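# Descriptive analysis of the structure
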Amino acid sequence: MTLRKLKNIKSEYDVVVIGAGLGGLTAANMIARRGHSVLLLEQHTVLGGLAAYFRRKKHIFDVALHGFPVGMIKTCRKYWNSDISSRIVKLKGIRFDNPQFQLETDYSKDDFVRILTEKFGIPHSTVTDFFEHTRNMNFYDGDKRTTRELFEQFFPKRDDVWRLLMEPITYANGSTLEDPAISYGIVFSNFMSKGVYTFTGGTDLIIKMMEEELAKNSVDVRAKVLVEKVTTENGKVSGVIANGEKIKCKSVFSNANLQSTILDMIDKKDIPQSFREQTKKMRINNSSAQVYIGIKASEKLDYIGDLLFTSTAEKFSEKAMLSKSVTSRTFSVYYPSFRPGHNRHTIVSSSNADYKDWANLSDEQYKTDKEHLAEDTLDKLEKYIPGVRNKIDHLEVATPKTFERFTRHVGGSSFGTKFEGLDVATALPKHLPGLFFAGSVGIIMSGWLGAANYGVIVSNEVDKYLRSLDDQP
Ligand SMILES: Cc1cc2nc3c(=O)[nH]c(=O)nc-3n(C[C@H](O)[C@H](O)[C@H](O)COP(=O)(O)OP(=O)(O)OC[C@H]3O[C@@H](n4cnc5c(N)ncnc54)[C@H](O)[C@@H]3O)c2cc1C
């Protein structure tokens, strides 16, 4: 990729935002709305980050639009506009198909209470206590229990129930039974209020609408611009070096990978060594592998559900979910009604994946393994769409390396960092005044809703910081 010369930009900005993922986009919008000048720089050719889409043979594939919680409606209305929020609709059918159970649900709390009591035979009081408990879990309580301990308390020895409760969340943010229960409780409760939602019109449309809103709020946006360094003066942020050029600013908001922001973009002398060590120790979340399947225009698919959580593994196992020998995958089915005016069906199969399994293969082995994943996926899809091989006209695979290449996330991480990343992210401005971070981090602040909301929270901190500079004599 040829890096672009930055044209028509101001000599200085209040804030430079690095990275146009949902956290960076939302923060840029909010900071600009508060009257500050903002330059948003994205290294990729398009905006959106992991909220990505791409076109092939008249198909448009959505990479990370499988579903988000209802809270996204309020977030888009408040921090973007009502045209965007009004396009958010509920998914109708979420199916589970594994050796322990087969069921269909709208993933709402009412339906889960019904399923857990009627199908799994759990006493009604236990189910409602569990929902009450997860809803009241609060980040500031400092509860140190793991999700496994939470499940053991409410549903001892019920690995079928654990699977129903855990598998979708493991897909949604990579969390495991050993992660803090709080990270499970918050994300589960977010989804469980009213079900799973999507954006009518697809990722391409929401990103386009966000770009239009940014333009209205006078945010300067430049794609194909790689930020290499954050510069400092007198112990505070003074600018960035991007595509080899120095751009002055009072504050930098990074939505790029947290680890690379701290370890690669900041000069060693500008932050304490102990903070660098803490950053190095922070665990990165898992990556993903996907198979994109385009259905021929001449084919009409029957409705098979919107989101299918499928697995051939006997029991829930996060290790199995990460394994390169894929047993668990979700199929997201996009019907033509999802993208009005577009007559194609597409299907995206997603599984969690470990970067190490894909990182060091020879080119030949990498190609072979991708082909194997594609063929195996079609074999499994055959159960839901008989004769699927004859119905498709496009098949493509993404691996952790693909996610790494397009977003520069360390290890192709799909969901930022493990829980401890939150401490690192929040401590950043204390170590280097003027530098802020928001994006997928700490499991809780991940996904479309988590990243966007975190962008808003941190944009308030940026605003406070800029005002404090104005107050200085
Ligand atoms: C396969 C997959 C499926 C998913 N499905 C869902 C889903 O169904 N629902 C859901 O809610 N979430 C889903 N997610 C997660 C969700 O997409 C992410 O959590 C969210 O989009 C991340 O937003 P972010 O703000 O952290 O930024 P990111 O999307 O991580 O974007 C960071 C941006 O920074 C840019 N950047 C990095 N370094 C630089 C630099 N040096 N200079 C300039 N720019 C830079 C990158 O190019 C990128 O655009 C999925 C993720 C994956 C991978």
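Owing to the predicted nature of the structure, the values given are computational and were not obtained by experimental measurement.

The rules behind each value
- Residues numbered from 1 in each chain as written.
- Predicted model: local features only at pLDDT ≥ 70, side-chain atom pairs only at ≥ 80, totals over all residues.
- Helix = DSSP H or I, 4+ residues; strand = E, 2+ residues; numbered from the N terminus.
- Rg over C-alpha atoms; globule rule 2.2 N^0.38 Å.
- Buried ≥ 20, exposed ≤ 12 C-beta atoms within 10 Å, placed from the backbone.
- Contact = placed C-beta atoms within 7 Å.
- Pairing = 2+ DSSP bridges.
- Axes fitted to C-alpha atoms, helices over the stretch in contact; angles between N-to-C directions.
- Domains from an automatic or database assignment.
- Nonpolar A, V, L, I, M, F, W, Y, C, P; charged D, E, K, R; others polar.
- Left-handed = near helix turned anticlockwise from the far one by under 90°.
- Near = placed C-beta within 6 Å.

This next bit is on the overall build of the protein. Each helix and strand in the protein was counted, giving 18 helices and 18 strands. For 473 residues, the compact-globule estimate of 2.2 N^0.38 gives 23 Å, and the C-alpha radius of gyration of the protein, at 22 Å, lies within 12% of that figure. Its C-alpha atoms give the protein principal-axis dimensions of about 70 × 50 × 45 Å. The burial tally for the protein puts 48% of its 473 residues in the buried class. In the protein, the proportion of contacts linking residues at least 24 apart, taken out of those at least 6 apart, comes to 73%.

The strand order across the open sheet built from seven strands is S7-S6-S14-S15-S16-S13-S17, with neighbouring strands paired in mixed fashion. If you trace the sheet from one side to the other, it starts and ends with strand S7 (102-105) and strand S17 (392-398), each paired once. Mean inter-strand twist for the sheet, computed between neighbouring axes without regard to direction, equals 15°. Where strand S15 (residues 328-334) and strand S16 (residues 346-353) come together, five bridges link them in antiparallel fashion. Of the residues in S16, the one forming a bridge with Ser-332 is Val-348.

One frequently used descriptor of interface size is the decrease in accessible area upon assembly of the parts. We note that the domain assignment places domain 1 (12-45 + 223-283 + 418-471), domain 2 (53-90 + 286-407) and domain 3 (108-192) within the protein. Placing the centre of domain 1 and that of domain 3 at their C-alpha centroids yields a distance of 33 Å. Partitioning the side of domain 1 that touches domain 3 into residue classes produces four nonpolar, two polar and one charged.

Moving on, we come to the packing of helix H2 (residues 71-79) against helix H18 (residues 447-471). Between H2 and H18, the shortest axis-to-axis distance is 10 Å and the interhelical angle comes to 35°. The crossing of H2 and H18 is left-handed. Facing Gly-71, Met-72, Thr-75 and Tyr-79 of H2, the residues of H18 in contact are Trp-448, Leu-449, Ala-452, Asn-453 and Val-456. The residue makeup of the contact of H2 with H18, split by class, is six nonpolar, three polar and no charged.

Before going further, it helps to spend a moment on the site of the ligand. The full set close to the ligand counts 41 residues, and Gly-19, Gly-21, Gly-23, Gly-49 and Gly-439 are the nearest of them. Of all elements in the fold, only helix H1 (22-33), strand S13 (287-295), helix H16 (400-407) and H18 reach the threshold of two or more residues within the shell around the ligand. The element contributing the most residues to the shell around the ligand is H18, with four residues. The class makeup of the residues in the shell around the ligand is 18 nonpolar, 21 polar and two charged. For the shell around the ligand, the two domains that each supply at least three residues are domain 1 (12-45 + 223-283 + 418-471) and domain 2 (53-90 + 286-407).

To continue, consider the pairing of strand S14 (residues 307-311). Counting buried positions along S14 gives five out of five residues, so the element sits mostly inside the fold. The two faces of S14 match: Leu-307, Phe-309 and Ser-311 on one face and Leu-308 and Thr-310 on the other face are all buried. Inspection of the sheet shows strand S6 (residues 94-97) paired to S14 by four bridges, in the parallel sense. Note that in S14 the partner of Arg-95 across the bridge is Leu-308.

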